[in-house]
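Listed below are the residues making up each chain.
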Amino acid sequence: MRKHRLIFLCVALLFVWSIISQTEPVVTAEGPAEIPTGKYVALTFDDGPRADTTARLLDGLKERGASATFFLIGEQIEENRELVERMQAEGHQVGNHTWTHTRLQMLNQTQAQEEIARTNALLQEILGPGTYWIRPPYGLIKDTQFSWFSAPLIKWSLDPEDWKLENAQADVKAVLSEVKPGDIILMHDRISASVDAALEIIDQLQAQGYTFVTVEELLSIYGTDPYSGLICSGKGPL
């Protein structure tokens, strides 16, 4: 009887060990944080949406599997609802570029908050509840105004001045000569030449191993907390 019990115990232990040995190892939360090894950048587009150029840009982004971030002017959203819905459906980040593209630093608190609130209300009506990150027009805002807003404020780290050049090849050259992992690139989807340039930039940088992500994804990848009251540019706050 004792011999049978020993045999049974051995078999049971072997069975338990076989299960344990097939289980994947557990990685503890106390381990070191993973350092991103890829090359990530965020393409951002201001001053949209615009029916012809924004639609063409969305087509090109979809074909290339690239994500982007769109900072929208509120008064242009209503007539382009389908484009805004498409941005969200296709994985892009949608942000707030004020209602009238006004210089926030020239406004008092009530006026500035109204510019943001009107655009937020329309975005929430179309896309649902969420935090719509803010890009101040021209990147201009006073330090004393940061606390007026409850969403992250986003600037850029690379500006090819496409609004000034309106020349696709010049835009491409300006970006490719300066770009580095972690950049937030500023462009404008209201300009046809900028759309051409953006798609060429994607093609060339993807060939170099770059991945195009949203601003929110980029800051998360590099461990930056986009908390309110501080304007972020590239990998971290200014």
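Our subject is the structure that appears above.
Cut-offs and rules
Residues numbered from 1 in each chain as written. Predicted model: local features only at pLDDT ≥ 70, side-chain atom pairs only at ≥ 80, totals over all residues. Heavy atoms only, no water. Helix = DSSP H or I, 4+ residues; strand = E, 2+ residues; numbered from the N terminus. Expected span 1.5 Å × (residues − 1). Buried < 20%, exposed > 50% of the residue type's maximum accessible area, 1.4 Å probe, protein only. Contact = heavy atoms within 4.5 Å. Salt bridge = Lys/Arg side-chain N within 4 Å of Asp/Glu carboxyl O. Axes fitted to C-alpha atoms, helices over the stretch in contact; angles between N-to-C directions. Parallel < 35°, antiparallel > 145°, perpendicular 65-115°, else oblique. Nonpolar A, V, L, I, M, F, W, Y, C, P; charged D, E, K, R; others polar. Pairing = 2+ DSSP bridges. Phe/Tyr/Trp six-rings, centres within 6.5 Å; stacked < 30°, edge-to-face > 60°. Lys NZ or Arg CZ within 6 Å of the ring centre and 35° of its normal.

Asks: What am I meant to see in helix 2 (residues 51-64) here?
Replies: For the α-helix, the turn length of 3.6 residues means that residues three or four positions removed from each other point alike. Compared with the 20 Å implied by 1.5 Å per residue over 14 residues, the 20 Å span of helix 2 between its first and last C-alpha is a close match. Those residues of helix 2 that fall on the buried side of the exposure criterion are Thr-53, Thr-54, Ala-55, Leu-57, Leu-58, Gly-60 and Leu-61. Lining the buried residues of helix 2 we find strand 1 (39-48), strand 2 (68-72), helix 3 (81-89) and helix 7 (192-207). Gly-65 sits one or two residues past helix 2 and shows a positive phi near 65°.

Asks: Explain the pattern of salt bridges here, please?
Replies: Oppositely charged side chains can pair when the atoms bearing their charge come close. According to the stated counting rule, one finds 12 salt bridges in the structure shown. In this structure, Asp-203 engages Arg-64 in a salt bridge whose closest nitrogen and oxygen atoms are separated by 2.7 Å. Taken together, the residues span a long stretch of sequence, with Asp-203 in helix 7 and Arg-64 in helix 2 at a distance of 139 residues. Residue class for Asp-203 comes out partly exposed when judged on its relative accessible area of 33%. You can call Arg-64 partly exposed: its relative accessible area is 23%. Its salt-bridge partner being Lys-180, residue Asp-183 comes within 3.0 Å of it at the nearest N-O pair. What makes Asp-183 buried here is its relative accessible area of 2%. Lys-180 sits in the partly exposed class, given a relative accessible area of 46%. Salt bridges sharing common partners tie together Asp-59, Arg-86 and Glu-90.

Asks: What's the story with the packing of helix 3 against helix 4 (residues 109-127) in this structure? I'm lost.
Replies: In a packed pair of helices, the relevant descriptors are the angle between the two axes and the axis-to-axis distance. The interhelical angle for the contact between helix 3 and helix 4, taken along N-to-C directions, is 70°, at an axis separation of 10 Å. When the interaxial angle is binned, helix 3 and helix 4 end up roughly perpendicular. Contacts between helix 3 and helix 4 involve Arg-81, Val-84, Glu-85 and Gln-88 on the former and, on the latter, Leu-122, Leu-123, Glu-125, Ile-126 and Leu-127. Looking at the contact of helix 3 with helix 4, its residues break down into 5 nonpolar, 1 polar and 3 charged.

Asks: Please clarify how the sheet that holds strand 4 (residues 153-154) should be interpreted in this entry.
Replies: In a beta sheet, neighbouring strands are held together by backbone hydrogen bonds and run either parallel or antiparallel to one another. Ordered by their spatial adjacency, 3 strands build an open sheet running 4-7-8, and the pairing between neighbours is mixed. The open sheet terminates on both sides in strands that have one partner only, identified here as strand 4 and strand 8 (236-237). Of the pairings in the sheet, the one linking strand 7 (residues 231-233) to strand 8 comprises 2 bridges and is antiparallel in character. Within strand 8, the position partnered with Ser-233 by the bridge is Gly-236.

Asks: Can you walk me through unusual backbone geometry in this structure?
Replies: Negative phi values dominate among residues other than glycine, just as trans dominates among peptide bonds. The step from Gly-48 to Pro-49 runs through a cis peptide bond, and the omega angle for that step is 0°. Mapped onto the secondary structure, Pro-49 falls in the loop between strand 1 and helix 2. Phi is positive for Thr-98, which is not a glycine, with a value near 75°. If you trace the backbone, Thr-98 turns up in the loop between strand 3 (93-96) and helix 4. A positive phi angle, close to 55°, is found at Glu-161, a residue other than glycine. Inspection of the secondary structure assignment puts Glu-161 in the loop between strand 4 and helix 5 (162-165). Assessed through its relative accessible area of 32%, Glu-161 is described here as partly exposed.

Asks: I'm lost on the packing of aromatic side chains in this one. Help?
Replies: Applying the stated criterion across every chain yields a total of 2 aromatic pairs. On the basis of an interplanar angle of 25° and a centroid distance of 5.5 Å, the ring pair of Phe-45 and Phe-70 is categorised as stacked. Here Phe-70 lies in strand 2 and Phe-45 lies in strand 1, a separation of 25 residues in the sequence. Both residues of the pair, Phe-45 and Phe-70, belong to the buried class. Lying across the ring of Tyr-138, Arg-103 places its NZ or CZ 4.1 Å from the centre. Lys-155 extends its terminal NZ or CZ atom over the ring of Trp-156, reaching a point 5.6 Å from the ring centre.

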